Amino acid sequence: MQTMPVKMFRRYATAIQSKPFVLLAGISGTGKSRIVRQLAFATGGESPDRVQKPFNYEMIQVRPNWHDSTELMGYETRISGDPEYKTTDFLRFLAKAWYFEGTPFFLCLDEMNLAPVEQYFAEYLSVLETRKLRGGKIETDPLVPALNSFGKKRDNTWVGDSILNDLFGDVWRRNGEIVDKDKGREALLRETFRTEGIGLPPNLIVMGTVNMDETTFSFSRKVLDRAMTLEMNEADLGSGLSKAQTSLPAIDAPAILPYAVEAVDVYESNRETCDIVIAYLNRINETLKGTPFKIAYRTRNEAILYVLSNLTYPDNDACYNLIRALDEVTDMKILSRIEGDKNKLMNWQQTGCILDDLKAQIQQQFDDIYKNFDATEGEKSMYGNMQEDSISLRKLEEMKRKLENTYYCTYWS
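Residues numbered from 1 in each chain as written. Predicted model: local features only at pLDDT ≥ 70, side-chain atom pairs only at ≥ 80, totals over all residues. Heavy atoms only, no water.

### Some thoughts on the packing of helix 10 (residues 271–287) against helix 12 (residues 318–333)
Here is step 1: Following both chains from N to C, one finds helix 10 and helix 12 inclined at 40°, their axes separated by 12 Å at the closest point. It follows from the interaxial angle that helix 10 and helix 12 lie oblique. By crossing handedness, the relation of helix 10 to helix 12 is classed as right-handed. Taken together, the residues of helix 12 that come into contact with helix 10 (itself represented by Thr 273, Ile 276, Val 277 and Tyr 280) are Leu 322, Leu 326 and Thr 330.
Here is step 2: Split into classes, the residues belonging to the contact of helix 10 with helix 12 amount to 5 nonpolar, 2 polar and no charged. (Axes fitted to C-alpha atoms, helices over the stretch in contact; angles between N-to-C directions. Helix = DSSP H or I, 4+ residues; strand = E, 2+ residues; numbered from the N terminus. Parallel < 35°, antiparallel > 145°, perpendicular 65-115°, else oblique. Left-handed = near helix turned anticlockwise from the far one by under 90°. Contact = heavy atoms within 4.5 Å. Nonpolar A, V, L, I, M, F, W, Y, C, P; charged D, E, K, R; others polar.)

Given below as structure tokens:
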């Protein structure tokens, strides 16, 4: 299948490899939820001509009345007199993802900010930060405690066994055909869930669609720090009119699934590139000194992983790919956290507004990286027109216009 431009695919894939929690922000109707479904088709080996919904895809529509996690995590009830646990589509999807561990599984949280994210998604946000690379595999703390901890019913049967039967009881279909489940694989997962709980599957990718308007909640920096943010505000009304334009090519799992969690996982084998990223971020922090927008270890880790993932794409030379990746991760992880009025955005450590200082700092650093990059002039390149081609510089100009016109600045278009 010939498909979406490589540029589009690259940004989604490298964002996911940096952190499997991605926010797709933009105006309504730009295909935010559609791209999640397309990615599931591209990685699951199914044909959209044969099945309506990929087996490795689940959409959950967030509702404005979600003020706790029960709609996702389930809850315990004793209405019948016996303890019971009400499972959810989210938990059933987790069990399915664990069973098909080698295949990327995409959870789309549609209209994610119709309710306060910190309230209904608190457990996920906390457990996401426990990810560690151990023995070549990414592991987490349990999202759901050991199922044996839920105790027994009056007939002496375990509540946890009822949960397991619900999690694995559905018939699964792949490409329209019933999956003949591997009983040994299922038994192993059941025992793990009973004794250790249910952690985040390493192949689970959560992508939330976001419309920023007066009907939705804004994101706190706590949430933005834990996510990769991609804006989707452009709509080419002449595209998407043929099947070739509305599908993605097949994507191998290693090209999209995270392979590392922290900078320590990759630093020794990529020291030179990592040091460039760290120096860049240190100078950004100097500009942000005295503001609440300074970045820390989480952003450093994700910036390094994002840059290294981008270096594997051969569409440009290494110098260009490095600068472009730094540009994009600046937009995703640094600018998305900045908001406030003129007083809040005043840079008291230097002069004027931090938006102006950041713009000058970023442009200077890109120039310096190009000049100091260890390659001949013919083997390195960067933007032809810095002001037009740089995503972060364009965003800073947009934010500055908002500040001047409305006296308040936000990242969101």
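### With respect to helix 4 (residues 89–99)
Here is step 1: Most of helix 4 is tucked away, with 9 of its 11 residues classed as buried.
Here is step 2: Within the sequence span of helix 4, burial applies to Phe 90, Leu 91, Phe 93, Leu 94, Ala 95, Lys 96, Ala 97, Trp 98 and Tyr 99. (Buried < 20%, exposed > 50% of the residue type's maximum accessible area, 1.4 Å probe, protein only.)

### Comments concerning the sheet that holds strand 5 (residues 105–110)
Here is step 1: The strand order across the open sheet formed by 5 strands is 2-5-12-1-13, and the pairing between neighbours is parallel. One side of each edge strand has no neighbouring strand; the edge strands of this open sheet are strand 2 (57–61) and strand 13 (228–231). Strand after strand, the sheet turns through a mean of 20° between neighbouring axes, direction not considered.
Here is step 2: Direction of pairing for strand 2 relative to strand 5: parallel, over a ladder of 5 bridges. Note that in strand 5 the partner of Met 59 across the bridge is Cys 108.
Here is step 3: Each of strand 1 (21–25), strand 2, strand 5 and strand 12 (204–210) touches helix 2 (residues 32–44); the most contacted strand, strand 5, lies at about 170° to it. (Pairing = 2+ DSSP bridges.)

### Re the confidence of the model for the chain
Here is step 1: Summing up the model confidence of the chain, the mean pLDDT is 92 and the portion of residues at 70 or higher is 94%.
Here is step 2: Every residue in residues 1–5 is under pLDDT 50, and counting partners more than four places away or in other chains gives 14 contacts. (pLDDT = per-residue confidence, 0-100.)

### Comments concerning the side chain of Ser 309
Here is step 1: Looking at the element boundaries, Ser 309 is found in helix 11 (residues 297–310).
Here is step 2: A relative accessible area of 2% places Ser 309 in the buried class.
Here is step 3: Among all residues touching Ser 309, those that are not within four sequence positions of it are Thr 14, Gln 17 and Tyr 259.

### Regarding the state of the cysteines
Here is step 1: With the rule as written, the count across this model stands at 0 disulfides.
Here is step 2: No disulfide involves Cys 319; its sulfur sits 17 Å from the nearest other cysteine sulfur, which is in Cys 274.
Here is step 3: For Cys 319, a relative accessible area of 0% puts it in the buried group. (Disulfide = S-S within 2.5 Å.)

### Concerning the environment of Gly 81
Here is step 1: Its location among the elements puts Gly 81 in the loop between strand 3 (75–77) and strand 4 (84–86).
Here is step 2: Sequence separation between Gly 81 and Ala 250 is 169 residues; the distance between their C-alpha atoms is 50 Å.

### A closer look at the environment of Leu 288
Here is step 1: On the secondary structure map, Leu 288 appears in the loop between helix 10 and helix 11.
Here is step 2: For the pair Leu 288 and Asn 347, spaced 59 residues apart in sequence, the C-alpha separation works out to 7.5 Å.

### Describing the nonpolar core
Here is step 1: In this structure, Phe 21, Phe 106, Phe 121, Phe 193 and Met 207 are the most contacted members of the largest nonpolar core, which totals 127 residues.
Here is step 2: With near-sequence residues (within four places) excluded, Phe 121 lies in contact with Phe 21, Leu 72, Leu 109, Met 112 and Val 206. (Core = buried A, V, L, I, M, F, W, Y, C linked by side-chain atoms within 4.5 Å.)

### A word on the packing of helix 10 against helix 11
Angle between the axes and distance between the axes: these two values describe a pair of packed helices.
Here is step 1: Packing of helix 10 against helix 11 brings their axes to within 10 Å, and their N-to-C directions diverge by 135°. Relative to helix 11, helix 10 is oriented oblique. As for the relative orientation of helix 10 and helix 11, their crossing is right-handed in sense. Across the interface between the two elements, Thr 273, Cys 274, Val 277, Ile 278 and Leu 281 from helix 10 touch Arg 300, Ala 303, Ile 304, Val 307 and Leu 308 from helix 11.
Here is step 2: Tallied by class, the residues present in the contact of helix 10 with helix 11 amount to 8 nonpolar, 1 polar and 1 charged.

### Remarks on the pattern of salt bridges
Here is step 1: Counted according to the given criterion, the structure contains 27 salt bridges.
Here is step 2: The residue Glu 177 makes a salt bridge to Arg 50 at a minimum N-O spacing of 3.2 Å. With Glu 177 in strand 10 (residues 177–178) and Arg 50 in the loop between helix 2 and strand 2, this residue pair connects regions lying 127 residues apart in the sequence.
Here is step 3: Several salt bridges share partner residues, and in doing so they unite Lys 19, Glu 129, Arg 298, Glu 302 and Lys 333 into one network. (Salt bridge = Lys/Arg side-chain N within 4 Å of Asp/Glu carboxyl O.)

### Examining the side chain of Arg 11
Here is step 1: Along the chain, Arg 11 turns up in helix 1 (residues 6–18).
Here is step 2: Owing to a relative accessible area of 14%, Arg 11 belongs among the buried residues under this scheme.
Here is step 3: In this structure Arg 11 touches Leu 230, Tyr 306, Glu 328, Met 332 and Ile 391, once residues within four positions along its chain are discounted.

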